[in-house]
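# Coordinate analysis (summary)
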Amino acid sequence: MKISIVGTGYVGLVSGACFSEMGNTVTCVDINVEKIALLNKGVLPIYEPGLESIVVNNCKKGNLSFTTSLEESLRDCEIVFIAVGTPMGEDGSADLTYVLAVAKEIGQTITKSIVVADKSTVPVGTADRVKEVITAELKLREVDIPFSVVSNPEFLKEGAAIADFMKPDRIVVGVDNEESEVLMRKLYRPFTVNHDRFISMDLQSAEMTKYAANAFLATKISFINEMSNICERLGADINMVREGIGSDKRIGFEFIYPGCGYGGSCFPKDVQALVKMSKDVGYNSELVKAVNSVNVKQKLVLVDKVISVFGEDLTGTTLAVWGLSYKPETSDMRESPAITIINELTGRGAKIQAYDPQALKEAENFYLKGNSGVRYCSNKYEAIDQSDALLLITEWKEFRSPDFTELKSRMKSAVVFDGRNQYVNYQLDKMGFDYYLIGKQ
Ligand SMILES: NC(=O)c1ccc[n+]([C@@H]2O[C@H](COP(=O)([O-])OP(=O)(O)OC[C@H]3O[C@@H](n4cnc5c(N)ncnc54)[C@H](O)[C@@H]3O)[C@@H](O)[C@H]2O)c1
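Residues numbered from 1 in each chain as written. Predicted model: local features only at pLDDT ≥ 70, side-chain atom pairs only at ≥ 80, totals over all residues. Heavy atoms only, no water.

## Brief notes about the overall build of the chain
Of regular secondary structure, the chain possesses 17 helices and 14 strands. The burial tally for the chain puts 54% of its 441 residues in the buried class. A total of about 19800 Å² of accessible surface is found on the chain, and carbon and sulfur atoms cover 51% of it. Across the chain, the 49 positively charged side chains and the 59 negatively charged ones have centroids separated by 3 Å. (Helix = DSSP H or I, 4+ residues; strand = E, 2+ residues; numbered from the N terminus. Buried < 20%, exposed > 50% of the residue type's maximum accessible area, 1.4 Å probe, protein only. Areas by Shrake-Rupley, 256 points an atom, 1.4 Å probe, with all protein chains shown as cover. Lys, Arg positive; Asp, Glu negative; His and termini not counted. Charge placed at Lys NZ, Arg CZ, Asp CG, Glu CD.)

## Considering the pairing of strand 5 (residues 114-118)
The buried count for strand 5 comes to five of five residues, which makes it a mostly enclosed element. Side chains I114, V116 and D118 project from strand 5 onto one buried face, and the interleaved V115 and A117 project onto a second face that is buried too. In the sheet, strand 4 (residues 79-82) pairs with strand 5 via four bridges, with the strands oriented parallel. Bridging across to strand 5, V80 finds its partner in V116. Between the parallel elements strand 5 and strand 6 (residues 147-151), the chain passes through helix 6 (residues 126-141) in a crossover that is right-handed. (Pairing = 2+ DSSP bridges. Right-handed = clockwise from strand over helix to strand, strands pointing away.)

## Side note on helix 8 (residues 178-188)
Of the residues making up helix 8, those classed as buried are S180, E181, L183, M184, L187 and Y188. Along the long axis of helix 8, the arc covered by the buried residues comes to 165°, so they all point the same way. Facing away from the buried side of helix 8 by over 90 degrees, the exposed positions are E178, E179 and K186. Backbone nitrogen of E179 and a side-chain oxygen of the N-cap are separated by 3.3 Å at the start of helix 8; the cap is N177. (Arc of directions from axis to C-beta. Polar contact = N/O pair within 3.5 Å; in protein donor to acceptor, adjacent residues only side chain to side chain.)

## Some words on the pattern of salt bridges
Summed over all chains, the structure comprises 22 salt bridges. Residue R185 is joined to D196 by a salt bridge in which the shortest nitrogen-to-oxygen separation is 3.5 Å. A residue pair is termed long-range when its members are at least 10 positions apart, and R185 in helix 8 and D196 in the loop between helix 8 and strand 8 (198-201) qualify at eleven residues. A relative accessible area of 24% places R185 in the partly exposed class. The salt bridge involving R250 is made with D248; its shortest N-O contact spans 2.8 Å. (Salt bridge = Lys/Arg side-chain N within 4 Å of Asp/Glu carboxyl O.)

## Considering the nonpolar core
Core analysis: the largest hydrophobic core is formed by 52 residues, its most contacted members being W322, L324, L345, L391, L407 and Y423. Excluding anything up to four places from it in sequence, Y423 contacts W322, L392, F399, R400, P402, F404, V416, D418, L428 and Y435. Counting residues in hydrophobic clusters, the runner-up holds 39 residues, among them I5, L64, V150 and I171. (Core = buried A, V, L, I, M, F, W, Y, C linked by side-chain atoms within 4.5 Å. Contact = heavy atoms within 4.5 Å.)

## As for the packing of helix 1 (residues 10-21) against helix 3 (residues 51-61)
Running from N to C, helix 1 and helix 3 cross one another at 55°; their axes reach a closest spacing of 9 Å. The angle between helix 1 and helix 3 falls in the class oblique. In the crossing of helix 1 with helix 3, the sense of the turn from one axis to the other is left-handed. Taken together, the residues of helix 3 that come into contact with helix 1 (itself represented by L13, V14, A17, S20 and E21) are L51, I54, V55 and N58. In terms of residue class, the contact of helix 1 with helix 3 is made up of six nonpolar, two polar and one charged. (Axes fitted to C-alpha atoms, helices over the stretch in contact; angles between N-to-C directions. Parallel < 35°, antiparallel > 145°, perpendicular 65-115°, else oblique. Left-handed = near helix turned anticlockwise from the far one by under 90°. Nonpolar A, V, L, I, M, F, W, Y, C, P; charged D, E, K, R; others polar.)

## Here's the deal with the sheet that holds strand 10 (residues 351-355)
Ordered in space as 11-10-9-12-13-14, the six strands form an open sheet in which the pairing is parallel. In the strand order of this sheet, the two ends are held by strand 11 (374-376) and strand 14 (434-437), each with one partner. Averaged over all adjacent pairs, the angle separating strand axes in this sheet is 20°, with direction ignored. With five bridges connecting them, strand 9 (residues 318-322) and strand 10 associate as parallel partners. If you follow L319 over to strand 10, its bridge partner there is I352.

## Examining the packing of aromatic side chains
The relative placement of two aromatic rings is captured by the distance of their centres and the angle of their planes. Inspection of every chain in the model, using the stated rule, returns 18 aromatic pairs. For the pair F165 and F191, a centre-to-centre distance of 5.5 Å together with 85° between the ring planes defines the contact as edge-to-face. Taken together, the positions of F165 in helix 7 (residues 161-166) and F191 in the loop between helix 8 and strand 8 put the pair 26 residues apart, joining distant regions of the chain. Considered together, F165 and F191 belong to a single accessibility category, that of buried residues. (Phe/Tyr/Trp six-rings, centres within 6.5 Å; stacked < 30°, edge-to-face > 60°.)

## A word on the site of the ligand
Taken together, the neighbourhood of the ligand is formed by 26 residues, with D30, K35, T86, E158 and K269 sitting nearest. Between the ligand and T121, the relevant distance is 2.9 Å, taken from an oxygen atom to a main-chain nitrogen or oxygen of the residue. Measuring from a nitrogen atom of the ligand, one finds a side-chain N or O atom of S265 at 3.2 Å. Within the complex, 89% of the 840 Å² of free accessible area of the ligand lies under protein. Residue assignment for the shell around the ligand shows that the elements contributing at least two residues are helix 1 and helix 5 (97-109). A breakdown of the residues in the shell around the ligand according to their chemical character gives ten nonpolar, nine polar and seven charged. (Near = heavy atom within 4 Å.)

## Considering the pairing of strand 8
Bridge count between strand 7 (residues 171-174) and strand 8: four bridges; the pairing is parallel. For I171, the partnering residue across the bridge sits in strand 8 and is F198. Crossover connection from strand 7 via helix 8 to parallel strand 8: handedness right-handed.

## Examining the packing of helix 9 (residues 203-234) against helix 10 (residues 238-246)
Working note: a packed helix pair is described by the angle between its axes plus the distance between those axes. Where helix 9 contacts helix 10, the axes come no closer than 9 Å and their chain directions differ by 135°. Taken together, the axes of helix 9 and helix 10 are oblique relative to one another. The way helix 9 lies across helix 10 gives a crossing that is right-handed. Only I238, V241 and I245 of helix 10 make contact with helix 9, whose side of the interface consists of F223, I224, M227, S228 and C231. Considering only residue class, the contact of helix 9 with helix 10 consists of seven nonpolar, one polar and no charged.

Structure, rendered in structure tokens:
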């Protein structure tokens, strides 16, 4: 099948690569000229485990190509995916500027019948808006080209995106006609050979499914973080509580780790977009609102712990930070708790020595650009040199089992703030560390 994917970001690039791996001919389109030039040289703009080899191999085979021209990509194309960003607007709503701009361009460009699939996370009703925009453009051109719009929300997780795409838990497709459903089923068949995981539904339900899924997962995180704050004050141990509740199959162990709050390009904006979407139809979504406010506060818990040890004025304090990305196995720093934590600490005069396996450039060039209180280090041990404390923010594997003797010898004082409760089993206190974790006084 010949496919075009518009928007070559995390979702567009992974989807394009995986569709091409299954033998389809895929063209990925982006307006970012620099990004397309890099991809054409085989250089990936993001870090995602396993992605590079799939991209390089399929480019060599001729299954995958990159262009800035939507028109070129639409030649003989059966399905065009819209996978551009839907960032948060000022009022919390999803900003549809990019999605509707692509819809307009599709309307201006198509020459034959096509299925337009919304893969971006978009509010309920967006498929109808995309349809309206394309129809209006066709009318302006005075042509009658049949097309249909389907909703195909993406559920991949950054850091495990290839596995998620190749072996999805489910494929949700919202449709309003049988032909589109048949075509989408055909496209996804190779991903569901083991058993059928294709769930077709109406357009609105498919759009809502994505928000409901993200809101539920964000709720689990805010719930356990709230429990950890209560545990801390009552003298209970959140890790014991976590094990105690997770063993109940109805609750499960996944997504109930206390930490510094959720970040990333999805949960923060999708939770707020759901609140706005509800408000627009006269419903006050109290639970989802609380999920967001608990998360905003949670990003400051580690900062409060640092202040309780070193005082409000952190001038003269050097803090090592391990982990900048919003989660392990990605270079993505969008809405990462590390941004809030580091800015709060340097704002109080602290000097930060930061290390992350993949996100150093992102931090230096963009998310922490201009923050002169941060020094970027090339490895985790360099970051702790002569530091007063270590803050663990992102649970990358290489931070799981550090050499604590090395830590002690390099640090000015042996103090650890464990934002991910990773060192809970190390008995750091017995090893001579002052040790502070989320959910414990
Ligand atoms: N990142 C994730 O883990 C994830 C997971 C599921 C769903 N989503 C959703 O998927 C969508 C895309 O997310 P992302 O993280 O891939 O975004 P991204 O910011 O990484 O990529 C978006 C890309 O679209 C390009 N673009 C913008 N306007 C364009 C246009 N008119 N023509 C061509 N390209 C254009 C941008 O240059 C950018 O490269 C969002 O709605 C997001 O909520 C993301």
